[in-house]
Amino acid sequence: MDPSSSTDKLEREFKQAQQFGRWLSDEERLALEEEETKALRVIEQQRQRRVRLIILTGVCVLIPPLWGLAAGLSFYLLFPETAKRVALIAGGGLILLSVLSALTMGLIIMSIMYLLF
């Protein structure tokens, strides 16, 4: 093992001990390293997804019929949390509108049937 990496590891463990107020056990240290690894993996996945969305937005900008999709993707890339809320509200409104229109059409058909017979 390289002496400089051993020293770096000891310094890292010392900083963790100062942060937690005690030395961590091997299990606690492994769990902490695993959490850090998972967090880094999630960040990397989000970065890759964002790059793919940026590329897709660029392609949509180049094709005029897809400009609406490009605008929606741009909105999502700039404001992800707000875009999720807007999509949720719009989806709920669309479902409510479709249920109300189905009920209205049913009532209209039933009234026409009543008038005819």
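What counts and how
- Counting restarts for each chain, with residues numbered from 1 along the sequence as it is written.
- Where local features are concerned, this predicted model is filtered to residues with pLDDT of at least 70; where side-chain atom pairs are given and counted, the filter is 80 or more; whole-chain, interface and lining totals use all residues.
- Note that water and hydrogens are dropped before the side-chain values are worked out from all heavy atoms of the structure.
- Counting from the N terminus, the helices are the DSSP runs of H or I reaching at least four residues and the strands are the DSSP runs of E reaching at least two.
- Each residue is assigned to one of three classes by its accessible area relative to the maximum for its type, calculated with a 1.4 Å probe on protein chains only: buried under 20%, partly exposed between the two thresholds, exposed over 50%.
- The criterion used for residue contact is that any of the two residues' heavy atoms lie within 4.5 Å.
- Here a cavity means grid points, on a 1 Å grid over the protein atoms only, where a 1.4 Å probe fits yet cannot get out; a pocket means an open set of points with protein on both sides within 12 Å along at least five of seven lines; lining residues are those with an atom within 4 Å of a point.
- Grid points are joined across faces, edges and corners, and a volume is the space filled by probe spheres set on the points.
- Gly counts as polar in this scheme, as do all residues outside two lists: the nonpolar Ala, Val, Leu, Ile, Met, Phe, Trp, Tyr, Cys and Pro, and the charged Asp, Glu, Lys and Arg.

Undergrad: I keep staring at the side chain of T57 and nothing clicks. Help me out?
TA: Locating T57 in the fold gives a position in helix α2 (residues 26-62). Looking at T57, the relative accessible area reads 9%, which means it is buried. Setting aside residues up to four positions removed in sequence, T57 forms contacts with A70, L73, S74 and L77.

Undergrad: Mind showing me how you'd approach the environment of L66 here?
TA: Mapped onto the elements, L66 comes out in the loop between α2 and α3 (67-78). Assessed through its relative accessible area of 32%, L66 is described here as partly exposed. Counting along the chain gives 49 residues from L66 to A17, while the straight-line C-alpha distance between them is 55 Å.

Undergrad: Just checking my understanding: could you explain the layout of surface pockets for this structure?
TA: One water molecule sets the probe size; rolling that probe over the atoms shows where empty space is left. Each pocket or cavity is described by its volume, and for the largest pocket that value is around 170 Å³. As for the largest pocket, its lining consists of Q46, R49, R50, L53, Y76, L77, P80, E81 and K84. Breaking the lining of the largest pocket down by element, the ones donating at least two residues are α2, α3 and α4 (80-116). Ranked by residues supplied to the lining of the largest pocket, first place goes to α2 with four residues. Along the lines of polarity and charge, the residues of the lining of the largest pocket split into four nonpolar, one polar and four charged.

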